[in-house]
Amino acid sequence: MLVWNESEDKTFLDACIHELTTNGREGSGLKASSWKTIREKLINEHGKEVDQKQMRNHFDYYKSKYVAWVKLKNKTGNIYDPIKNKFNLTDEQWKEEGKLNKFVLPLKTKPLLFPDLCTQLFEGSTSTGFQSWGPSSTLPRPVEEFSAHDFDDDVPMSSMVSDDEVAAFLLLVIYWLRLNRRRLIRIHRIRDNNSSGYAYTQDLMYRDPIQCYDMMRLTQKAFALLCNHFTQKNWLQASRTMNIEQKMAMFLHVIGHNERFRAVKGRFHHSTQTIHQCFHEVLTAMMCFAKEIIVPTAANPTRYNSEQHRRLKEIFSGAIGALDGTLVHAIVPVDQQTRYRGRRKGEYKYYLCDAAYTNTRGFMAPYRNTRYWLADFRRGRPLTREERFNYARAQLRNVIERAYGVLKARFPILKQMASYHFTVQRDIFIACVAVHNFIRKYNIQDDLFTNFEENTMVTPNVQGGG
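Quick look at the structure, then. (Residues numbered from 1 in each chain as written. Predicted model: local features only at pLDDT ≥ 70, side-chain atom pairs only at ≥ 80, totals over all residues. Heavy atoms only, no water.)

### Some details on the overall build of the protein
In plain terms, the rule: Helix and strand assignments come from DSSP, with helices taken as H or I runs of at least 4 residues and strands as E runs of at least 2, each series counted from the N terminus. Think of it in three bands: residues with accessible area under 20% of the maximum for their type are buried, residues over 50% are exposed, and the middle band is partly exposed, with areas taken using a 1.4 Å probe on protein chains only. By definition in these notes, contact holds between two residues if any of their heavy atoms fall within 4.5 Å.
Across its full length, the protein holds 18 helices and seven strands. Counting every position in the protein, which comprises 466 residues, the buried fraction comes to 40%. When contacts within the protein are restricted to residue pairs at least 6 apart in sequence, those whose partners lie at least 24 apart make up 63%.

### Some thoughts on helix 3 (residues 52-73)
Quick reminder of the rule: Here a helix's expected span is defined as the number of its residues, less one, multiplied by 1.5 Å. Any N or O atom pair separated by 3.5 Å or less is treated as a polar contact, with the protein-specific requirement of one donor-capable and one acceptor-capable atom, and with residues adjacent in sequence counted only for side-chain atom pairs.
Taking 1.5 Å per residue as the helical rise, helix 3 with its 22 residues ought to reach 32 Å, and the 31 Å between its terminal C-alpha atoms agrees with that figure. Backbone nitrogen of Lys 53 and a side-chain oxygen of the N-cap are separated by 3.3 Å at the start of helix 3; the cap is Asp 51.

### Some points on the packing of helix 1 (residues 6-23) against helix 6 (residues 115-122)
Heads up, the rule is: The axes used here are C-alpha line fits, helices contributing only the stretch in contact, and every angle between their N-to-C directions lies in the interval 0 to 180 degrees. The scheme is simple: roughly parallel for angles under 35 degrees, roughly antiparallel for over 145, roughly perpendicular for 65 to 115, oblique for anything else. Crossing handedness is defined as follows: a turn of the near helix away from the far one that is anticlockwise and smaller than a right angle gives a left-handed crossing, while the clockwise case is right-handed. Residues are grouped as follows: nonpolar covers Ala, Val, Leu, Ile, Met, Phe, Trp, Tyr, Cys and Pro; charged covers Asp, Glu, Lys and Arg; every other residue, Gly included, is treated as polar.
Two elements in contact, helix 1 and helix 6, have axes whose closest approach is 9 Å; the angle formed by their N-to-C orientations is 25 degrees. One element, helix 1, and the other, helix 6, form an angle in the roughly parallel class. Relative to helix 6, helix 1 is oriented so that their crossing is left-handed. Here helix 1 contributes Lys 10, Leu 13, Asp 14, Cys 16, Ile 17 and Leu 20 to the contact with helix 6, which in turn contributes Leu 117, Cys 118, Gln 120 and Leu 121. Looking at side-chain class alone, the contact of helix 1 with helix 6 contains seven nonpolar, one polar and two charged residues.

### Description of the side chain of Arg 410
You can see Arg 410 is positioned in helix 16 (residues 385-410). Classification of Arg 410 as buried rests on a relative accessible area of 0%. A polar contact is formed between the side chain of Arg 410 and the side chain of Asp 446, at a distance of 2.8 Å. The residues contacting Arg 410, other than those within four sequence positions of it, are Tyr 213, Arg 217, Leu 218, Gly 256, Ile 439, Asp 446, Leu 448 and Phe 449.

### Focus: the pattern of salt bridges
As a reminder, the rule being used: What makes a salt bridge here is a side-chain nitrogen of Lys or Arg within 4 Å of a carboxyl oxygen of Asp or Glu, nothing more.
Scanning all chains against the criterion turns up eleven salt bridges. Between Arg 426 and Asp 427 there is a salt bridge, and its shortest N-O distance comes to 3.0 Å. Using a relative accessible area of 43% as the deciding quantity, one classes Arg 426 as partly exposed. Its relative accessible area of 14% is what places Asp 427 among the buried residues.

### Regarding a nonpolar patch on the surface
For the record, the criterion: Patches in this entry comprise residues that are over 30% relatively accessible and not in a salt bridge; like charges within 9 Å are linked, as are nonpolar side chains (Val, Leu, Ile, Met, Phe, Trp, Tyr) within 5 Å. Here the open area of atoms and residues is found with the Shrake-Rupley method and a 1.4 Å probe, where only the protein chains shown may cover a residue.
A cluster of nonpolar side chains, namely Val 166, Phe 169, Leu 170, Val 173 and Leu 177, defines an oily patch on the protein surface of about 420 Å² accessible area. Within the secondary structure layout, Leu 177 lies in helix 8 (residues 163-192). Taking the relative accessible area as the measure of exposure, Leu 177 reaches 58% and is therefore exposed.

Quick look at the structure:
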């Protein structure tokens with residue numbers, strides 16, 4: 001990296017001013033002959049070997065820093081100390097100014113050297129306002145600001161703008177018209193292509209609601225709310241060729257149909273690498289979403305629980321799940337399988353399990369030698385204390401299994417997980433639960449929830465190994 005000291009900077013700025021005064025400007029910089037003269041001066045006085053590109057970069061650096069310095073200096077409030085050549089700003093004010101212009105922050109620790117020389121070099125050729133920007137500028141386009149003086153009819157036109165400024169403005173308009181024309185043509189080409197991922201996603205969102213539910217496992221309303229939520233939280237950002245809705249649709253296709261990236265590639269007309277990248281981008285965003293939406297029920301009571309559910313919750317306040325039938329399929333390395341058996345046991349927490357398990361700490365099995373399956377009680381109401389306990393326990397187990405039934409019916413990838421890395425498998429499950437909770441939390445009408453609550457879908461299909 002080329003390093004300039006203060007003495008070299010002064011020689012450089014003096015030489016630039018001299019060449020600009022003598023030979024004039026070429027574009028936004030100096031003429032080739034001027035750069036050659038400056039290079040020889042730096043070699044003769046400092047022995048510094050530089051080429052034209054390095055000098056031009058240094059020139060642009062000082063120009064950018066000078067523009068930021070002038071804009072900050074012109075702010076009201078006497079924030080500039082001309083003696084120390086420093087700005088009296090708080091850390092918060094520096095942070096805010098840095099968001100507007102990245103060249104402001106270096107002024108906090110390294111003030112602009114030789115402001116008088118910079119003023120001679122750049123004043124008149126570089127404005128700090130709207131007209132300072134042009135197609136070849138290295139600075140971001142500033143926002144045009146107006147004041148009451150700009151609309152004063154008594155101000156002569158000749159005092160408001162110069163011919164050079166008018167010409168620069170016209171060039172700016174022509175440039176932006178050409179730039180926007182290319183961009184709009186590109187967008188229209190994408191939208192007019194009926195086979196594109198954009199067109200396919202738009203059809204799912206705004207046309208056939210049945211197709212939307214079948215393909216993304218969400219209603220059109222739920223999908224729109226989910227995408228808007230991620231947009232507002234800034235968890236996902238649109239790219240140059242793909243909006244947030246496409247990224248979310250691709251992700252839901254994978255987990256909603258257990259599809260491989262190559263299958264999704266054919267539907268959305270993107271490369272396998274792009275599908276892979278978008279999937280993991282959404283999966284990462286889902287982890288932020290999960291922290292917000294997956295919370296203990298005690299801290300997030302819902303108004304959808306029936307009186308029966310509340311009664312079961314009071315009886316089995318320490319239950320944290322049910323074993324065997326509610327496990328989710330995963331591919332775990334052999335040397336790590338033990339740690340995922342019987343997790344979260346505690347003094348006041350336990351799993352509901354069937355008669356094959358021992359009734360011990362962390363596991364609550366039913367009474368043996370008496371009815372304990374829910375179907376057994378269809379022949380008659382429970383009679384003994386043991387049967388009443390088994391009946392209540394079977395009801396709660398059925399609630400848990402139905403909840404997992406909805407989850408697995410919506411996201412088949414949980415029935416037969418693909419061979420992703422184990423941390424990816426874990427995150428996919430968390431993402432599925434987060435989307436599940438999102439639909440439930442906002443009371444979005446959903447056929448799967450309705451069917452399971454009305455017992456029109458059988459739960460034995462959700463049985464799965466782990």
